[in-house]
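Descriptive structure summary
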Amino acid sequence: MDDDLQIDSDEDLFRNPVYYEPAGRNLDLDRSDLGVPQGQDLLNVLLRMRGRVPVEKRGLICPDCRDLRGRRVAMYLVQRDGVWLASHYRKPGEKPISHESDEHLARKERVAKDSEDHGFPADIESQTADGHARLDVRINGANGIVLGYEPQLSPQTARAMRAREGFRRRGGVQSVWDFADPDHAAIGTVPYVRTPNLPASVIRVQKNPIAVQDGNFVLEEGQCSQNGALTRCPEKPYDPENPTDAGYCGGWHRVLVPAHQSSTFTGEGGLTLTRFIVEAAAGERIPFQRGGHHGWLPAQQWQQYLEANGPALDDKERQPSVRRGDRRDRCTEDRPASEARAEPKQRRGSRAIVLESRPRETEAARVPVDASGQAIPLCRFGCGQAASLPGPEGLPEHFSCRRKQEA
(Lines give C-alpha, C1' and ligand atoms only; values in the text may rest on other atoms or scores of the structure.)
Protein backbone atom coordinates (compact mmCIF):
# COMPACT_ATOMS: atom_id res chain seq x y z
CA MET A 1 0.00 0.00 0.00
CA ASP A 2 1.26 3.51 -0.75
CA ASP A 3 3.23 5.17 2.03
CA ASP A 4 1.51 8.58 1.74
CA LEU A 5 -2.00 7.27 2.50
CA GLN A 6 -3.80 7.92 5.79
CA ILE A 7 -5.54 4.57 6.27
CA ASP A 8 -9.15 4.80 7.48
CA SER A 9 -10.14 3.02 10.66
CA ASP A 10 -12.69 0.23 10.46
CA GLU A 11 -15.37 2.61 11.74
CA ASP A 12 -14.67 5.13 8.97
CA LEU A 13 -14.41 2.51 6.24
CA PHE A 14 -17.79 1.88 4.63
CA ARG A 15 -18.89 0.87 1.17
CA ASN A 16 -18.68 4.25 -0.53
CA PRO A 17 -19.72 4.75 -4.13
CA VAL A 18 -16.67 5.12 -6.35
CA TYR A 19 -16.58 6.69 -9.84
CA TYR A 20 -14.11 5.51 -12.51
CA GLU A 21 -13.35 8.44 -14.80
CA PRO A 22 -12.08 6.52 -17.86
CA ALA A 23 -15.32 4.50 -17.98
CA GLY A 24 -17.55 7.44 -16.98
CA ARG A 25 -19.53 5.39 -14.45
CA ASN A 26 -19.63 4.13 -10.88
CA LEU A 27 -17.94 0.81 -10.20
CA ASP A 28 -19.74 -2.14 -8.62
CA LEU A 29 -17.12 -3.67 -6.35
CA ASP A 30 -19.29 -6.75 -5.77
CA ARG A 31 -18.90 -7.88 -9.37
CA SER A 32 -15.85 -9.48 -10.91
CA ASP A 33 -16.05 -7.08 -13.88
CA LEU A 34 -16.80 -4.10 -11.57
CA GLY A 35 -19.91 -3.43 -13.66
CA VAL A 36 -17.84 -2.16 -16.59
CA PRO A 37 -17.94 -3.73 -20.11
CA GLN A 38 -14.85 -5.89 -20.65
CA GLY A 39 -13.87 -5.04 -17.08
CA GLN A 40 -12.78 -8.52 -15.95
CA ASP A 41 -9.14 -7.42 -15.66
CA LEU A 42 -9.84 -3.88 -14.44
CA LEU A 43 -9.41 -4.75 -10.76
CA ASN A 44 -5.95 -6.20 -11.41
CA VAL A 45 -5.05 -3.12 -13.46
CA LEU A 46 -6.05 -0.84 -10.58
CA LEU A 47 -4.17 -2.92 -8.02
CA ARG A 48 -0.99 -2.93 -10.13
CA MET A 49 -1.03 0.87 -9.96
CA ARG A 50 -0.16 0.73 -6.27
CA GLY A 51 3.27 2.23 -5.66
CA ARG A 52 3.61 3.11 -9.35
CA VAL A 53 0.89 5.63 -10.14
CA PRO A 54 -0.06 8.47 -7.76
CA VAL A 55 -3.50 8.00 -6.23
CA GLU A 56 -4.79 11.23 -7.84
CA LYS A 57 -4.02 9.84 -11.32
CA ARG A 58 -5.64 6.39 -11.06
CA GLY A 59 -9.05 7.62 -12.20
CA LEU A 60 -11.00 6.72 -9.04
CA ILE A 61 -12.89 9.63 -7.45
CA CYS A 62 -15.76 10.14 -5.00
CA PRO A 63 -19.01 10.96 -6.87
CA ASP A 64 -20.58 12.45 -3.74
CA CYS A 65 -17.72 14.88 -3.18
CA ARG A 66 -17.95 15.85 -6.82
CA ASP A 67 -21.73 16.36 -6.79
CA LEU A 68 -22.16 17.88 -3.33
CA ARG A 69 -18.98 19.86 -2.85
CA GLY A 70 -17.75 20.43 -6.38
CA ARG A 71 -14.42 18.82 -5.49
CA ARG A 72 -12.43 16.08 -7.11
CA VAL A 73 -11.42 13.76 -4.24
CA ALA A 74 -9.37 10.76 -5.26
CA MET A 75 -10.14 7.30 -3.90
CA TYR A 76 -8.21 4.04 -3.56
CA LEU A 77 -9.19 0.40 -3.03
CA VAL A 78 -8.70 -1.65 0.13
CA GLN A 79 -9.87 -5.10 1.15
CA ARG A 80 -11.54 -6.02 4.45
CA ASP A 81 -12.86 -9.50 5.27
CA GLY A 82 -12.65 -10.45 1.59
CA VAL A 83 -14.71 -7.41 0.53
CA TRP A 84 -13.32 -4.66 -1.71
CA LEU A 85 -14.02 -1.14 -0.51
CA ALA A 86 -13.21 2.34 -1.78
CA SER A 87 -11.78 4.91 0.63
CA HIS A 88 -11.14 8.63 0.28
CA TYR A 89 -7.52 9.57 -0.30
CA ARG A 90 -5.98 11.78 2.35
CA LYS A 91 -2.43 12.36 3.43
CA PRO A 92 -1.13 11.39 6.89
CA GLY A 93 -2.51 13.71 9.56
CA GLU A 94 -5.42 14.96 7.47
CA LYS A 95 -8.93 14.64 8.87
CA PRO A 96 -11.40 12.25 7.21
CA ILE A 97 -13.60 13.65 4.46
CA SER A 98 -16.82 14.98 5.97
CA HIS A 99 -20.11 16.11 4.48
CA GLU A 100 -21.64 17.18 7.77
CA SER A 101 -24.67 19.39 7.35
CA ASP A 102 -24.95 22.76 9.07
CA GLU A 103 -27.60 21.27 11.39
CA HIS A 104 -25.19 18.49 12.37
CA LEU A 105 -22.39 20.96 13.10
CA ALA A 106 -24.77 23.19 15.07
CA ARG A 107 -25.81 20.32 17.34
CA LYS A 108 -22.20 19.45 18.10
CA GLU A 109 -21.29 23.06 18.83
CA ARG A 110 -24.38 23.62 20.99
CA VAL A 111 -23.85 20.51 23.14
CA ALA A 112 -20.14 21.22 23.56
CA LYS A 113 -20.79 24.80 24.65
CA ASP A 114 -23.66 23.82 26.99
CA SER A 115 -21.46 21.16 28.61
CA GLU A 116 -18.61 23.61 29.10
CA ASP A 117 -21.00 26.16 30.64
CA HIS A 118 -22.10 23.54 33.19
CA GLY A 119 -18.55 22.62 34.20
CA PHE A 120 -17.94 19.56 32.01
CA PRO A 121 -15.01 19.91 29.55
CA ALA A 122 -15.95 18.98 25.99
CA ASP A 123 -13.97 18.38 22.79
CA ILE A 124 -15.37 18.21 19.25
CA GLU A 125 -14.07 15.42 16.98
CA SER A 126 -12.11 13.46 19.58
CA GLN A 127 -10.70 9.95 19.23
CA THR A 128 -11.35 7.24 21.81
CA ALA A 129 -8.34 6.07 23.80
CA ASP A 130 -7.94 2.95 21.66
CA GLY A 131 -8.26 4.95 18.44
CA HIS A 132 -11.09 2.78 17.09
CA ALA A 133 -13.84 5.43 17.17
CA ARG A 134 -14.11 9.16 16.62
CA LEU A 135 -16.56 10.98 18.87
CA ASP A 136 -18.52 13.94 17.55
CA VAL A 137 -18.38 15.47 21.04
CA ARG A 138 -16.40 14.00 23.91
CA ILE A 139 -17.61 15.18 27.35
CA ASN A 140 -15.56 14.48 30.46
CA GLY A 141 -18.14 13.92 33.17
CA ALA A 142 -18.07 13.27 36.89
CA ASN A 143 -16.37 10.23 38.48
CA GLY A 144 -14.55 9.24 35.30
CA ILE A 145 -17.63 9.19 33.05
CA VAL A 146 -16.78 9.77 29.38
CA LEU A 147 -19.88 10.77 27.45
CA GLY A 148 -19.95 10.69 23.66
CA TYR A 149 -22.63 12.84 22.02
CA GLU A 150 -23.43 11.62 18.50
CA PRO A 151 -26.08 13.51 16.47
CA GLN A 152 -27.31 11.09 13.81
CA LEU A 153 -29.32 12.97 11.19
CA SER A 154 -28.62 10.65 8.29
CA PRO A 155 -30.37 7.32 7.69
CA GLN A 156 -28.18 4.39 8.74
CA THR A 157 -28.84 0.69 9.09
CA ALA A 158 -29.41 -0.76 12.55
CA ARG A 159 -26.52 -3.17 12.04
CA ALA A 160 -24.09 -0.37 11.24
CA MET A 161 -25.22 1.61 14.26
CA ARG A 162 -24.76 -1.38 16.57
CA ALA A 163 -21.24 -1.83 15.21
CA ARG A 164 -20.39 1.84 15.76
CA GLU A 165 -21.82 1.68 19.29
CA GLY A 166 -19.64 -1.39 19.94
CA PHE A 167 -16.48 0.57 19.13
CA ARG A 168 -17.50 3.24 21.65
CA ARG A 169 -18.59 0.85 24.40
CA ARG A 170 -15.31 -1.08 24.18
CA GLY A 171 -13.50 2.26 24.37
CA GLY A 172 -15.17 3.03 27.71
CA VAL A 173 -17.58 5.63 26.29
CA GLN A 174 -21.24 6.10 27.23
CA SER A 175 -22.84 7.15 23.95
CA VAL A 176 -25.83 9.41 23.49
CA TRP A 177 -27.11 8.98 19.94
CA ASP A 178 -29.40 11.87 19.01
CA PHE A 179 -31.98 11.10 16.30
CA ALA A 180 -34.29 13.63 14.66
CA ASP A 181 -36.20 11.09 12.54
CA PRO A 182 -38.88 9.22 14.57
CA ASP A 183 -38.70 6.39 12.01
CA HIS A 184 -34.92 5.96 12.13
CA ALA A 185 -34.03 2.27 11.87
CA ALA A 186 -31.59 2.47 14.81
CA ILE A 187 -33.94 3.94 17.42
CA GLY A 188 -33.77 1.65 20.44
CA THR A 189 -30.83 -0.38 19.11
CA VAL A 190 -28.34 2.01 20.77
CA PRO A 191 -28.57 4.35 23.82
CA TYR A 192 -30.48 7.24 22.31
CA VAL A 193 -32.58 10.34 22.60
CA ARG A 194 -34.85 11.83 19.95
CA THR A 195 -35.11 15.59 19.44
CA PRO A 196 -36.97 17.79 16.92
CA ASN A 197 -35.58 18.40 13.46
CA LEU A 198 -34.63 22.06 13.88
CA PRO A 199 -32.70 24.43 11.60
CA ALA A 200 -29.13 25.29 12.53
CA SER A 201 -30.02 28.92 13.22
CA VAL A 202 -32.41 27.82 15.98
CA ILE A 203 -30.07 25.23 17.48
CA ARG A 204 -27.19 27.69 17.85
CA VAL A 205 -29.20 30.07 20.06
CA GLN A 206 -28.54 28.68 23.53
CA LYS A 207 -31.67 30.13 25.08
CA ASN A 208 -33.78 28.06 22.67
CA PRO A 209 -34.68 24.79 24.43
CA ILE A 210 -34.31 21.56 22.44
CA ALA A 211 -36.90 19.10 23.73
CA VAL A 212 -36.08 15.44 24.36
CA GLN A 213 -39.03 13.65 22.77
CA ASP A 214 -38.00 10.02 23.30
CA GLY A 215 -35.30 7.80 24.77
CA ASN A 216 -35.92 8.93 28.35
CA PHE A 217 -37.74 6.15 30.25
CA VAL A 218 -39.28 5.82 33.71
CA LEU A 219 -40.18 2.77 35.80
CA GLU A 220 -43.87 2.21 36.51
CA GLU A 221 -45.81 -0.63 38.07
CA GLY A 222 -49.37 -1.24 39.07
CA GLN A 223 -52.76 -2.64 38.22
CA CYS A 224 -53.73 -2.68 34.57
CA SER A 225 -57.19 -1.17 34.88
CA GLN A 226 -58.92 2.06 34.06
CA ASN A 227 -58.35 3.31 37.60
CA GLY A 228 -54.85 1.83 37.93
CA ALA A 229 -51.39 3.42 37.66
CA LEU A 230 -50.80 2.47 34.01
CA THR A 231 -52.20 4.50 31.14
CA ARG A 232 -52.68 1.43 28.92
CA CYS A 233 -51.89 -2.25 28.86
CA PRO A 234 -48.24 -2.64 27.76
CA GLU A 235 -48.97 -6.06 26.28
CA LYS A 236 -51.81 -4.88 24.06
CA PRO A 237 -50.52 -4.02 20.56
CA TYR A 238 -50.66 -0.36 19.63
CA ASP A 239 -53.29 0.32 16.96
CA PRO A 240 -52.15 3.17 14.69
CA GLU A 241 -55.66 3.37 13.28
CA ASN A 242 -57.02 4.07 16.76
CA PRO A 243 -54.19 5.84 18.66
CA THR A 244 -56.40 6.96 21.55
CA ASP A 245 -57.61 3.45 22.29
CA ALA A 246 -56.75 2.37 25.84
CA GLY A 247 -57.02 -1.31 26.67
CA TYR A 248 -56.60 -3.01 30.01
CA CYS A 249 -56.14 -6.67 30.94
CA GLY A 250 -56.86 -6.39 34.67
CA GLY A 251 -53.48 -7.86 35.61
CA TRP A 252 -50.38 -6.31 37.16
CA HIS A 253 -47.30 -5.05 35.30
CA ARG A 254 -43.88 -3.56 35.99
CA VAL A 255 -42.70 -1.70 32.90
CA LEU A 256 -40.14 0.72 31.56
CA VAL A 257 -42.16 3.29 29.67
CA PRO A 258 -41.13 6.39 27.68
CA ALA A 259 -41.59 9.39 29.98
CA HIS A 260 -43.98 11.08 27.56
CA GLN A 261 -46.25 8.01 27.74
CA SER A 262 -46.17 7.67 31.53
CA SER A 263 -49.07 8.35 33.85
CA THR A 264 -47.22 11.27 35.45
CA PHE A 265 -46.49 13.12 32.20
CA THR A 266 -48.22 16.50 32.05
CA GLY A 267 -46.56 17.98 28.96
CA GLU A 268 -45.17 20.91 30.93
CA GLY A 269 -41.56 21.50 31.94
CA GLY A 270 -40.32 18.67 29.75
CA LEU A 271 -36.75 17.42 29.59
CA THR A 272 -34.39 19.42 27.36
CA LEU A 273 -31.30 18.14 25.56
CA THR A 274 -29.05 20.43 27.61
CA ARG A 275 -30.42 19.15 30.92
CA PHE A 276 -30.23 15.55 29.72
CA ILE A 277 -26.57 15.84 28.63
CA VAL A 278 -25.56 17.59 31.86
CA GLU A 279 -27.35 15.01 34.04
CA ALA A 280 -25.89 12.10 32.04
CA ALA A 281 -22.39 13.58 32.44
CA ALA A 282 -23.03 13.94 36.18
CA GLY A 283 -24.12 10.29 36.47
CA GLU A 284 -27.74 11.23 37.18
CA ARG A 285 -29.01 9.38 34.10
CA ILE A 286 -27.98 5.80 33.37
CA PRO A 287 -28.17 3.91 30.05
CA PHE A 288 -29.97 0.57 30.16
CA GLN A 289 -30.41 -2.34 27.80
CA ARG A 290 -33.35 -4.73 28.14
CA GLY A 291 -34.30 -7.34 25.58
CA GLY A 292 -32.29 -5.63 22.86
CA HIS A 293 -33.89 -2.23 23.47
CA HIS A 294 -31.79 0.66 24.79
CA GLY A 295 -32.73 3.83 26.59
CA TRP A 296 -31.95 5.99 29.63
CA LEU A 297 -33.26 6.02 33.20
CA PRO A 298 -32.92 8.60 35.99
CA ALA A 299 -30.43 7.33 38.60
CA GLN A 300 -33.15 6.78 41.24
CA GLN A 301 -35.26 4.80 38.78
CA TRP A 302 -32.15 2.84 37.80
CA GLN A 303 -31.70 1.74 41.40
CA GLN A 304 -35.34 0.60 41.53
CA TYR A 305 -34.77 -1.29 38.29
CA LEU A 306 -31.74 -3.09 39.73
CA GLU A 307 -33.56 -3.95 42.96
CA ALA A 308 -36.45 -5.44 41.02
CA ASN A 309 -34.53 -7.12 38.19
CA GLY A 310 -31.04 -7.88 39.47
CA PRO A 311 -27.67 -6.55 38.30
CA ALA A 312 -27.10 -5.32 34.76
CA LEU A 313 -25.56 -7.71 32.24
CA ASP A 314 -21.80 -7.34 32.36
CA ASP A 315 -20.10 -6.41 29.11
CA LYS A 316 -18.06 -9.61 29.29
CA GLU A 317 -21.26 -11.64 29.17
CA ARG A 318 -22.62 -9.88 26.11
CA GLN A 319 -22.49 -11.58 22.77
CA PRO A 320 -19.50 -10.14 20.89
CA SER A 321 -20.33 -7.66 18.17
CA VAL A 322 -18.59 -8.89 15.02
CA ARG A 323 -18.24 -6.44 12.17
CA ARG A 324 -18.13 -8.39 8.96
CA GLY A 325 -18.76 -5.75 6.42
CA ASP A 326 -22.36 -4.70 6.04
CA ARG A 327 -20.61 -1.60 4.84
CA ARG A 328 -23.44 -0.33 2.70
CA ASP A 329 -23.57 2.78 4.82
CA ARG A 330 -21.84 6.01 4.25
CA CYS A 331 -18.51 6.91 5.74
CA THR A 332 -19.80 10.46 6.13
CA GLU A 333 -22.74 12.15 7.81
CA ASP A 334 -25.92 13.61 6.38
CA ARG A 335 -25.50 13.22 2.68
CA PRO A 336 -28.34 12.10 0.35
CA ALA A 337 -29.07 8.41 0.05
CA SER A 338 -26.71 6.54 -2.24
CA GLU A 339 -27.49 3.67 -4.56
CA ALA A 340 -24.89 1.68 -2.64
CA ARG A 341 -27.10 1.64 0.46
CA ALA A 342 -29.37 -1.23 1.41
CA GLU A 343 -31.70 -2.43 4.20
CA PRO A 344 -35.00 -0.49 4.23
CA LYS A 345 -35.98 1.55 7.26
CA GLN A 346 -38.14 -0.14 9.85
CA ARG A 347 -40.48 1.82 12.07
CA ARG A 348 -39.63 1.20 15.71
CA GLY A 349 -41.10 4.10 17.63
CA SER A 350 -41.60 4.37 21.36
CA ARG A 351 -42.78 1.36 23.29
CA ALA A 352 -43.16 0.14 26.82
CA ILE A 353 -40.74 -2.59 27.90
CA VAL A 354 -42.42 -5.19 30.10
CA LEU A 355 -40.25 -6.31 33.01
CA GLU A 356 -42.81 -8.43 34.88
CA SER A 357 -46.50 -9.27 34.54
CA ARG A 358 -48.96 -11.15 36.69
CA PRO A 359 -52.46 -12.15 35.61
CA ARG A 360 -55.57 -10.94 37.38
CA GLU A 361 -55.99 -12.69 40.69
CA THR A 362 -59.36 -14.46 40.81
CA GLU A 363 -61.07 -15.08 44.12
CA ALA A 364 -61.75 -18.69 45.02
CA ALA A 365 -65.40 -19.50 44.55
CA ARG A 366 -67.31 -19.44 47.82
CA VAL A 367 -68.95 -22.76 48.67
CA PRO A 368 -72.34 -22.27 50.42
CA VAL A 369 -72.69 -24.08 53.74
CA ASP A 370 -75.64 -24.97 55.94
CA ALA A 371 -76.18 -24.07 59.62
CA SER A 372 -73.86 -26.84 60.75
CA GLY A 373 -71.07 -25.65 58.44
CA GLN A 374 -71.46 -28.49 55.93
CA ALA A 375 -71.18 -27.72 52.24
CA ILE A 376 -74.53 -27.58 50.43
CA PRO A 377 -74.42 -29.78 47.30
CA LEU A 378 -75.30 -28.56 43.81
CA CYS A 379 -78.62 -29.22 42.12
CA ARG A 380 -78.77 -32.62 40.43
CA PHE A 381 -80.22 -31.04 37.27
CA GLY A 382 -77.07 -29.06 36.50
CA CYS A 383 -78.22 -25.48 37.05
CA GLY A 384 -75.00 -24.83 38.94
CA GLN A 385 -76.71 -23.55 42.09
CA ALA A 386 -76.69 -25.09 45.56
CA ALA A 387 -79.81 -27.09 46.48
CA SER A 388 -80.46 -27.70 50.16
CA LEU A 389 -83.59 -29.91 49.84
CA PRO A 390 -83.56 -33.51 48.58
CA GLY A 391 -86.09 -34.67 45.96
CA PRO A 392 -88.06 -37.95 45.82
CA GLU A 393 -84.91 -39.85 44.94
CA GLY A 394 -83.08 -38.34 47.90
CA LEU A 395 -80.82 -36.22 45.68
CA PRO A 396 -80.46 -32.39 46.00
CA GLU A 397 -82.65 -30.51 43.54
CA HIS A 398 -84.78 -27.45 42.95
CA PHE A 399 -88.51 -27.84 42.45
CA SER A 400 -88.37 -25.47 39.47
CA CYS A 401 -85.54 -27.45 37.89
CA ARG A 402 -87.56 -30.70 38.24
CA ARG A 403 -90.55 -29.12 36.54
CA LYS A 404 -88.37 -27.98 33.65
CA GLN A 405 -86.90 -31.46 33.37
CA GLU A 406 -90.36 -33.13 33.35
CA ALA A 407 -91.85 -30.65 30.89
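Look up a bit, the structure's there.
Okay, so let's go over this structure.

Rules and cut-offs
Residues numbered from 1 in each chain as written. Predicted model: local features only at pLDDT ≥ 70, side-chain atom pairs only at ≥ 80, totals over all residues. Heavy atoms only, no water. Helix = DSSP H or I, 4+ residues; strand = E, 2+ residues; numbered from the N terminus. Buried < 20%, exposed > 50% of the residue type's maximum accessible area, 1.4 Å probe, protein only. Contact = heavy atoms within 4.5 Å. Areas by Shrake-Rupley, 256 points an atom, 1.4 Å probe, with all protein chains shown as cover. Pairing = 2+ DSSP bridges. Salt bridge = Lys/Arg side-chain N within 4 Å of Asp/Glu carboxyl O. Phe/Tyr/Trp six-rings, centres within 6.5 Å; stacked < 30°, edge-to-face > 60°. Lys NZ or Arg CZ within 6 Å of the ring centre and 35° of its normal. Axes fitted to C-alpha atoms, helices over the stretch in contact; angles between N-to-C directions. Polar contact = N/O pair within 3.5 Å; in protein donor to acceptor, adjacent residues only side chain to side chain.

Once that is clear, we can look at the overall build of the chain. Along its length, the chain carries eight helices and 15 strands. Per-residue burial over the chain gives 45% buried out of 407 residues. A sequence separation of at least 24 residues applies to 60% of the contacts in the chain between residues at least 6 apart. Here the chain displays about 21700 Å² of accessible surface, and carbon together with sulfur accounts for 47% of that area.

Taken together, the six bridges between strand S4 (residues 75–80) and strand S5 (residues 83–88) define a ladder with antiparallel strand orientation. Within the sheet, the bridge partner assigned to Val78 lies in S5 and is Leu85. In sequence, S4 turns back onto S5 through a hairpin of two residues, with Asp81 there showing a positive phi of about 55°.

The next point concerns the pattern of salt bridges. A complete count under the given rule lists 19 salt bridges for this structure. A salt bridge links Glu150 to Arg168, with the nearest nitrogen and oxygen atoms 3.2 Å apart. Note that Glu150 is positioned in strand S8 (residues 146–152) and Arg168 in helix H4 (residues 158–170), a separation of 18 residues in sequence. In terms of burial, Glu150 and Arg168 fall into one category: buried.

Here we come to unusual backbone geometry. With a phi close to 60°, Leu34 is a non-glycine residue in the positive phi region. If you trace the backbone, Leu34 turns up in the loop between strand S2 (25–26) and helix H1 (42–48). Judged by relative accessible area, which is 2%, Leu34 ranks as buried.

What follows is about the packing of aromatic side chains. A complete count under the given rule lists four aromatic pairs for this structure. Here Phe276 and Trp296 contribute two aromatic rings whose centre-to-centre distance is 5.2 Å and whose plane-to-plane angle is 80°, an arrangement assigned as edge-to-face. One end of the pair, Phe276, is in helix H6 (residues 273–281); the other, Trp296, is in strand S14 (residues 293–298), with 20 residues separating them in the sequence. Exposure remark for Phe276: the relative accessible area of 0% places this residue in the buried category. Since its relative accessible area comes to 0%, Trp296 is described here as buried. A ring pair is formed by Trp302 and Tyr305, whose centres lie 5.4 Å apart and whose planes are at 20°; its orientation type is stacked. Of this pair, Trp302 and Tyr305 are both found in helix H7 (residues 299–309), three residues apart, which corresponds to roughly one turn of the helix. One exposure class covers both Trp302 and Tyr305, and it is buried. It is Arg66 that lies over the ring of Tyr19; its NZ or CZ is 4.5 Å from the centre. The ring of Phe167 carries Arg170 above its face, with NZ or CZ at 5.6 Å from the centroid.

Judged by pairing direction, the sheet is mixed, and its five strands sit side by side in the order S6-S7-S8-S9-S10 without closing on themselves. Both outer strands of the open sheet, strand S6 (122–127) and strand S10 (192–194), are each paired with one neighbouring strand and no more. Averaged over all pairs of adjacent strands, the angle between strand axes in this sheet comes to 30°, irrespective of strand direction. Two strands pair when backbone bridges link them, and S6 and strand S7 (residues 134–140) are joined in this way by five bridges, in the antiparallel orientation. Bridge assignment links Asp123 to a residue of S7, and that residue is Arg138.

A word on the side chain of Glu150. Residue class for Glu150 comes out buried when judged on its relative accessible area of 1%. A distance of 3.2 Å separates the side chain of Glu150 from the side chain of Arg168, its partner in a polar contact. Setting aside chain neighbours within four positions, we find Glu150 in contact with Arg134, Leu135, Asp136, Arg168, Val176, Trp177 and Asp178.

Here we take up the sheet that holds strand S1 (residues 19–20). Strand order across the open sheet formed by three strands is S2-S1-S3, with antiparallel pairing between neighbours. Taken across any chain shown, the strands that pair with only one partner, and hence form the sheet edges, are S2 and strand S3 (60–61). Sheet topology note: the S1/S3 ladder contains two bridges and is antiparallel. Note that in S3 the partner of Tyr19 across the bridge is Ile61.

Along the polypeptide, Ala386 turns up in the loop between strand S15 (353–358) and helix H8 (399–406). Taking the relative accessible area as the measure of exposure, Ala386 reaches 27% and is therefore partly exposed. In this structure the C-alpha to C-alpha distance between Ala386 and Pro396, which are ten residues apart in sequence, comes to 8.2 Å. Among residues more than four places away in sequence, those in contact with Ala386 are Pro368, Ile376, Pro377, Leu378 and His398.

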